[in-house]
Amino acid sequence: MKKKIFIHIFILAFLGIIQSSSYAFDLYGCWKSEQKPPLNILKFDKDTYYYGKHSLPAKFSTDGNKYIVIFNVDSEMHIIPEGDNSIKVTFPTQVLPQNIIYTRVTEEERANLIKIR
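Residues numbered from 1 in each chain as written. Predicted model: local features only at pLDDT ≥ 70, side-chain atom pairs only at ≥ 80, totals over all residues. Heavy atoms only, no water.

Brief notes about the nonpolar core
F44, Y49, V69, M77 and I79 are the most contacted members of the largest nonpolar core, which totals 18 residues. The leading source of residues in this core is strand β6 (residues 66–72), at three residues. Among all residues touching V69, those that are not within four sequence positions of it are L27, F44, Y49, A58, K59, F60, S75, E76, M77 and I79. (Core = buried A, V, L, I, M, F, W, Y, C linked by side-chain atoms within 4.5 Å. Buried < 20%, exposed > 50% of the residue type's maximum accessible area, 1.4 Å probe, protein only. Helix = DSSP H or I, 4+ residues; strand = E, 2+ residues; numbered from the N terminus. Contact = heavy atoms within 4.5 Å.)

Some thoughts on the confidence of the model for the protein chain
This prediction gives the protein chain a mean pLDDT of 83; 80% of its residues lie at or above 70. When pLDDT is averaged over each element of the protein chain, strand β9 (residues 100–105) comes out on top at 96 and helix α1 (residues 2–22) at the bottom at 55. (pLDDT = per-residue confidence, 0-100.)

Considering unusual backbone geometry
Glycine aside, the phi torsion of most residues is negative, and most peptide linkages are trans. In this structure, P38 follows P37 across a cis peptide bond, with omega equal to 5°. By the element assignment, P38 lies in the loop between β1 (29–32) and β2 (41–45). In this structure, N99 is a non-glycine residue whose phi angle is positive, near 50°. Here N99 shows up in the loop between β8 (86–90) and β9.

Below is the structure:
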């Protein structure tokens, strides 16, 4: 009986993990907004934050549904997914813009937008 209960719990946990991972949001990639350069184009990869033509090493963490990108000792940004291809970016520093909406773009679109500016 205990073995049967254990197997049942294991199967339910496994199914829960599979289901939750299928809804995982992918932050990595290129994003554009209506902001002025360099905040008009962002890109994230596993350890770098790119803004316009510039880049900084970054560390990524999550807090619930919010991503936190730390790119300096005292600088970070908060990112909230707004859909599969949209994010809202907020900087804790009130000097910088708040609640900027970005949409996903390809690497080629990013390169073209950087050349235009």
